[in-house]
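Each chain is listed here by its residues.
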Amino acid sequence: MFRKIMRKRPNTVYKLAALLLLTIYILLFKYLMILENQPENANAVTAIYWATTTIATVGYGDVVFTSLPGRIFSIVVQVMGIILISGFLATYVIAPWMDRVIKFRLPRKAPSSMKEHIIIGGYNQLVETLIDELAEQEITFIIVEDEEEIIKELVYRDIPCIFGAPSDRQTLTNAGIEKARILIANKSDEKNANIVLTAREFKHLNIIAIVEDKSNSKYLKYAGADTVVSPKSIFGQFIGRKAMDRLVSRVTGTTEIFKGMHVTEFPIYLKSPLIGKTLKEVSSQRLTDAKIVGIWKSGALSFNLKEDDIIRGNSVLLAVGTPEELSKLKKLTH
């Protein structure tokens, strides 16, 4: 629970910790002053004055300890003061300033030299797999996303992207749609319909729409999509075949969804080093290049993955990748 609070409200935790430390310092100060026969200083106001000047490492020298325990206490407060001030500056000064700078510099236009590229409208785990494949094939692409946090992350990772709504004509123009060859609509079905309708006026463009609900495929076709792909349907067919065939191992069976890209299920075994790790840790530590796109929870397959989802001993992962990447992930599940 504490780790959950730390992730969701780090600023609150920081403030509470600082207040707790200050309270401890005041109580210890009063106790040590009495031990050193300085009762005139053993009061709350002087304690707060001494604690704040020591934490700030100013130390005017008008209120001091003369005993060894008192001086050790002063050293501890000074060192912790440096840590607290550093944390305060990082949290309330440096981080907000960096956020303002990045927000001001959010990329909004593709390089003029970009041509014959692929525009990807919307970012998620499936796009992450596609990015690796496009980079390996040296195919130029750019991601269009209207969520600032995602754009910031992509900028940090030096992935081509621009900020804006993929359904906005000006945004698509900024993405170089007039010189692009393919557009992939990868938001919700409703947003994808708007993206396709906006992009369809560019006749040269090949439009691919990713659909969440297969029943909406015909509407995206009507909107002008050249191809409609339903990853969930592909995954569902894969899982259905495996559920019907009791003689087939859940581990060895795979389904090829794109050329060279397969989807496979991996149960987690008791000695797996992945147990207890979050999906973010698995991704950031580059434990495997395969992308986890689904996870079984309470008997149901969920594609709504979150970075803080924890892999447990009874988890079953659904992963996408090349045979080599999936083989590496398989070794980590044992």
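Procedures and definitions
- Residues numbered from 1 in each chain as written.
- Predicted model: local features only at pLDDT ≥ 70, side-chain atom pairs only at ≥ 80, totals over all residues.
- Heavy atoms only, no water.
- Helix = DSSP H or I, 4+ residues; strand = E, 2+ residues; numbered from the N terminus.
- Buried < 20%, exposed > 50% of the residue type's maximum accessible area, 1.4 Å probe, protein only.
- Contact = heavy atoms within 4.5 Å.
- Areas by Shrake-Rupley, 256 points an atom, 1.4 Å probe, with all protein chains shown as cover.
- Polar contact = N/O pair within 3.5 Å; in protein donor to acceptor, adjacent residues only side chain to side chain.
- Salt bridge = Lys/Arg side-chain N within 4 Å of Asp/Glu carboxyl O.
- Pairing = 2+ DSSP bridges.
- Axes fitted to C-alpha atoms, helices over the stretch in contact; angles between N-to-C directions.
- Patch = residues over 30% accessible without salt bridge, like charges linked within 9 Å, V, L, I, M, F, W, Y side chains within 5 Å.
- Right-handed = clockwise from strand over helix to strand, strands pointing away.
- Core = buried A, V, L, I, M, F, W, Y, C linked by side-chain atoms within 4.5 Å.

Chemist: A description of the overall build of the chain should follow, citing residues and the corresponding values.
Modeler: Scanning the chain for helices and strands turns up 12 helices and 11 strands. Among the 334 residues that make up the chain, the fraction classed as buried is 40%. Sequence separation of 24 or more characterises 58% of the internal contacts of the chain that already satisfy a separation of 6 or more. As displayed, the chain has an accessible area near 19600 Å², and 59% of this comes from carbon and sulfur atoms.

Chemist: So what's going on with the side chain of T333? Residues and values would help.
Modeler: With respect to the helices and strands, the residue T333 is situated in the segment after α12 (323–332). Among the polar contacts listed, one links the side chain of T333 to the backbone oxygen of K330, at a separation of 2.6 Å. Apart from the residues within four sequence positions on either side, T333 is in contact with F266, P267, I268, Y269, S272 and L274.

Chemist: Run through the pattern of salt bridges, naming residues and quoting values.
Modeler: Scanning all chains against the criterion turns up 5 salt bridges. A salt bridge links K152 to E149; the nearest nitrogen and oxygen atoms lie 3.5 Å apart. Within this pair, K152 and its partner E149 are both found in helix α6 (residues 148–156), separated by 3 residues, close to a single helical turn. According to the relative accessible area criterion, E149 is exposed, its value standing at 57%. A salt bridge links E201 to R169; the shortest N-O distance between them is 3.0 Å.

Chemist: Give me the sheet that holds strand β4 (residues 182–185): which residues, what numbers.
Modeler: Strands sit in the order β3-β2-β1-β4-β5-β6 across an open sheet of 6 strands; the sheet is parallel. Where the open sheet ends on each side, the last strands, each with one partner, are β3 (161–163) and β6 (227–229). In this sheet, neighbouring strand axes are inclined to one another by 20° on average, regardless of whether the strands run parallel or antiparallel. The pairing of strand β5 (residues 206–210) with β6 spans 3 bridges and is parallel. Within β6, the position partnered with I210 by the bridge is V229. Lying on the sheet, α6 is in contact with β2 (141–145) and β3; it crosses β3 at an angle near 150°.

Chemist: Run through helix α8 (residues 189–199), naming residues and quoting values.
Modeler: Within α8 the residues assigned to the buried category are D189, N192, I195, V196, T198 and A199. Packed against the buried residues of α8 are β1 (118–121), α7 (169–174), β4, β5 and α9 (217–223).

Chemist: So what's going on with a nonpolar patch on the surface? Residues and values would help.
Modeler: Taken together, the side chains of L20, I24 and L28 present a nonpolar region at the surface, about 250 Å² in accessible area. With respect to the helices and strands, L20 occurs in helix α2 (residues 10–35).

Chemist: Before we move on, can you summarise the pairing of β5 with the specific residues and values?
Modeler: Sheet analysis places β4 next to β5, joined by 4 bridges and oriented parallel. Following the sheet pairing, I182 is matched in β5 by N206. Between the parallel elements β4 and β5, the chain passes through α8 in a crossover that is right-handed.

Chemist: For the nonpolar core, give the residues involved together with the corresponding values.
Modeler: Of all hydrophobic cores here, the largest spans 23 residues; its most connected members are I119, I177, L183 and L205. At the level of secondary structure, the elements contributing two or more residues to this core comprise β2, β4, α8, β5 and α9. Here this core gets 3 residues from one element, more than from any other, and that element is α8. Apart from the residues lying within four places of it in its own chain, the contact partners of L183 are I119, L172, I177, I195, A199, L205, N206, I207 and I208. Grouped together as the second largest cluster of nonpolar side chains are 18 residues, L134, I150, L154 and I210 included.

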